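This is what each chain is made of:
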2 protein chains.
Amino acid sequence: MELLKQRILKDGRISGTDILKVDMFLNHQIDIDLLNEMGKEFYRLFQSWDITKILTVEASGIAIACIAAQYFKVPVLFAKKCESRNLDSDVYQSKVYSFTKEKDYLIRVSKKYLLPSDRILIIDDFLANGRAALGLIDICEQAGAVPCGVGIAIEKGYQRGRKLIEEKGVKVEALAVIDSMDEHTGINFS
Amino acid sequence: MELLKQRILKDGRISGTDILKVDMFLNHQIDIDLLNEMGKEFYRLFQSWDITKILTVEASGIAIACIAAQYFKVPVLFAKKCESRNLDSDVYQSKVYSFTKEKDYLIRVSKKYLLPSDRILIIDDFLANGRAALGLIDICEQAGAVPCGVGIAIEKGYQRGRKLIEEKGVKVEALAVIDSMDEHTGINFS
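Residues numbered from 1 in each chain as written. Chains lettered and ligands numbered in written order. Predicted model: local features only at pLDDT ≥ 70, side-chain atom pairs only at ≥ 80, totals over all residues. Heavy atoms only, no water.

Attention now moves to the overall build of chain A. The secondary structure content of chain A amounts to 5 helices and 11 strands. Seen along its three principal axes, the alpha-carbon backbone of chain A occupies a region of about 50 × 35 × 30 Å. Within the structure as shown, chain A displays about 7,900 Å² of accessible surface, and the carbon and sulfur contribution to it stands at 46%. Considering chain A, the positive charge centre built from 26 side chains and the negative charge centre built from 27 side chains are found 4 Å apart. (Helix = DSSP H or I, 4+ residues; strand = E, 2+ residues; numbered from the N terminus. Areas by Shrake-Rupley, 256 points an atom, 1.4 Å probe, with all protein chains shown as cover. Lys, Arg positive; Asp, Glu negative; His and termini not counted. Charge placed at Lys NZ, Arg CZ, Asp CG, Glu CD.)

So, about the sheet that holds strand S3 (residues 29–30) of chain A. Backbone-to-backbone hydrogen bonds join strands into a sheet, with any given pair of strands oriented parallel or antiparallel. Read from one edge of the open sheet, 7 strands run S3(A)-S5(B)-S4(B)-S8(B)-S9(B)-S10(B)-S11(B), paired in mixed fashion. Each having just a single partner strand, S3 of chain A together with strand S11 (186–189) of chain B make up the two edges of the open sheet. As paired strands, strand S4 (residues 53–57) of chain B and strand S8 (residues 119–127) of chain B are joined by 3 bridges and run parallel to one another. When the bridges of S8(B) are listed, B:Leu55 appears paired with B:Ile122. (Pairing = 2+ DSSP bridges.)

Turning next to the nonpolar core. In this structure, A:Leu4, A:Ile54, B:Leu4 and B:Ile54 are the most contacted members of the largest nonpolar core, which totals 80 residues. In contact with B:Ile54, not counting residues within four places along its chain, are B:Ala65, B:Ala68, B:Ala69, B:Phe72, B:Val74, B:Pro75, B:Val76, B:Leu77, B:Leu121 and B:Ile123. (Core = buried A, V, L, I, M, F, W, Y, C linked by side-chain atoms within 4.5 Å. Buried < 20%, exposed > 50% of the residue type's maximum accessible area, 1.4 Å probe, protein only. Contact = heavy atoms within 4.5 Å.)

This part takes up the relation of the copies chain B and chain A. Taken as rigid bodies, chain B and chain A are interconverted by a rotation of 180 degrees and an axial shift of 0.0 Å, the fit giving an RMSD of 0.0 Å. Look at the turn and shift together and you get a two-fold axis relating the two. Scanning chain B for the C-alpha nearest the rotation axis identifies B:Ala59, at a separation of 2.6 Å. Counting the interface residues of chain B, we find that 100% of their copies in chain A are interface residues as well, pointing to one common contact surface. (Least-squares fit on C-alpha atoms with pLDDT ≥ 70 in both.)

Residue and element names in this part refer to chain A. All of the buried residues along helix H1 (residues 2–11) are Leu-4, Lys-5, Arg-7, Ile-8 and Asp-11. One face of H1 carries all of its buried residues, which in axial projection span an arc of 165 degrees. In this structure, the buried side of H1 is in contact with strand S1 (13–15), strand S2 (19–21), helix H2 (32–46), strand S9 (146–156), strand S10 (171–182) and strand S11 (186–189). (Arc of directions from axis to C-beta.)

Bringing the interface of chain B and chain A into the picture now. Taken residue by residue, the interface counts 42 residues in chain B and 42 residues in chain A. At the boundary of chain B with chain A, total buried surface from both sides reaches about 3,500 Å², with 56% on carbon and sulfur atoms. Between the two partners, chain B and chain A, sit 0 salt bridges. Where chain B meets chain A, there are 17 residue pairs in polar contact (both at pLDDT 80 or more). Going through the elements one at a time, strand S2 (19–21), strand S3 (29–30), helix H2 (32–46), helix H3 (60–72), strand S5 (76–79) and strand S7 (103–110) of chain B are the ones with two or more residues in the side of chain B that touches chain A. Tallied by class, the residues present in the side of chain B that touches chain A amount to 20 nonpolar, 9 polar and 13 charged. In terms of strand pairing, strand S5 (residues 76–79) of chain A meets S3(B) through 2 bridges, oriented antiparallel. (Buried area = accessible area lost by both parts, 1.4 Å probe. Salt bridge = Lys/Arg side-chain N within 4 Å of Asp/Glu carboxyl O. Polar contact = N/O pair within 3.5 Å; in protein donor to acceptor, adjacent residues only side chain to side chain. Nonpolar A, V, L, I, M, F, W, Y, C, P; charged D, E, K, R; others polar.)

A few words on the pattern of salt bridges. A complete count under the given rule lists 28 salt bridges over all chains for this structure. For the salt bridge of A:Lys163 with A:Glu167, the shortest nitrogen-to-oxygen distance reads 2.7 Å. A residue is classified by how much of its surface remains accessible, and A:Glu167, at 54% relative accessible area, is exposed. Taking the shortest distance from any N to any O, the salt bridge between B:Lys40 and B:Glu37 comes out at 3.0 Å. Taken as a pair, B:Lys40 and B:Glu37 lie in helix H2 at a separation of 3 residues, close to a single helical turn. It is possible to trace a salt-bridge network through shared partners that takes in A:Arg7, A:Lys10, A:Asp11 and A:Asp31.

On to the packing of aromatic side chains, then. Summed over all chains, the structure comprises 4 aromatic pairs over all chains. An angle of 90 degrees between the planes, with centres 4.9 Å apart, marks the rings of A:Tyr97 and A:Phe99 as edge-to-face. (Phe/Tyr/Trp six-rings, centres within 6.5 Å; stacked < 30°, edge-to-face > 60°.)

Our next topic: the packing of H2(B) against H3(B). All names here are of chain B. The geometry of H2 relative to H3 is characterised by a closest axis approach of 8 Å and an angle of 55 degrees between their N-to-C directions. Looking at the two axes, H2 sits oblique to H3. Note that H2 runs across H3; the crossing there is right-handed. Every residue of H3 that contacts H2 at Ile-32, Leu-35, Asn-36, Met-38, Gly-39, Lys-40, Phe-42, Tyr-43 and Phe-46 is listed here: Ala-63, Ile-64, Ile-67, Ala-68, Gln-70, Tyr-71 and Phe-72. Each residue belonging to the contact of H2 with H3 can be placed in one class, and the counts come to 12 nonpolar, 3 polar and 1 charged. (Axes fitted to C-alpha atoms, helices over the stretch in contact; angles between N-to-C directions. Parallel < 35°, antiparallel > 145°, perpendicular 65-115°, else oblique. Left-handed = near helix turned anticlockwise from the far one by under 90°.)

This is a description of form; function is not addressed.
So this is what it looks like as structure tokens:
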């Protein structure tokens, strides 16, 4: 998606060879107009899949998922990361390793809101090693729901997340795929 | 806002005398159509305030803030709760006590995205003791930005959050104000 790529080139900041900061428009300050264009594009890519619900994980996936859900006319469900007194004990959960934070965490979804009849689109801001998406696919499978696809804003194409998800038989679409990046030479999209 | 009150009566679940679970439509599974109606109402209430940015805190405020932002045509900025390698070190921060989790946590906003010229609408899902909102007001004040108002989905009117915020000279609007609730007798709105 050209608009997102141009915005990454304009406002993204690279740190070293693997960290891309997009906190100006995507995951801290949020450009809602951009998210609407991204939501339309996700809808174009997945509109034939009869999606019944969009699943994401807190916190930075929520904004993209909610704006996109307006085009699909479906609810959003976001997995919670932290143990919370206010979440039902009756949950599906999956353990996810965060390379950013260098630790495991649990993601959890109440069993009430994920049904065998659900056809799920997973949406997240980044895809790198795919751990969060694989955890969400695991949760769909526990519920007997169909994980139809994974829609990603920015994919680090040089990492293996896409391969691991596609091996599960789940379609992956990313709006911007980075082939390589470096703070000196910049970003190359595929 | 009648639509929200009716939805709380239909799908909210009370636990004891102080916990209201709205995870079916507001802070776990999210009804985007409802959020759009809430966004329109926030816009009606704050449209004359020349809002330049909506500020919220992760995670459950993000959805409401982003949908509402479409009516104001402004960006969203969400304060982060956890220390994150990907957040700039150059931040405004405020300490917030969570009664739900019974501990202090820090909320942080990058200095780059909050300016003295900003007129801020703070949006969150719940108002009870007002700690999160007061932390966000504190962050606005650190930046020299104007905290114009606080827009809340559900206020526990029997707690003192509103009073503490209004003492700061900041307008509070809540779409549903609960006067009392109890799992046996139900919810009374003001």
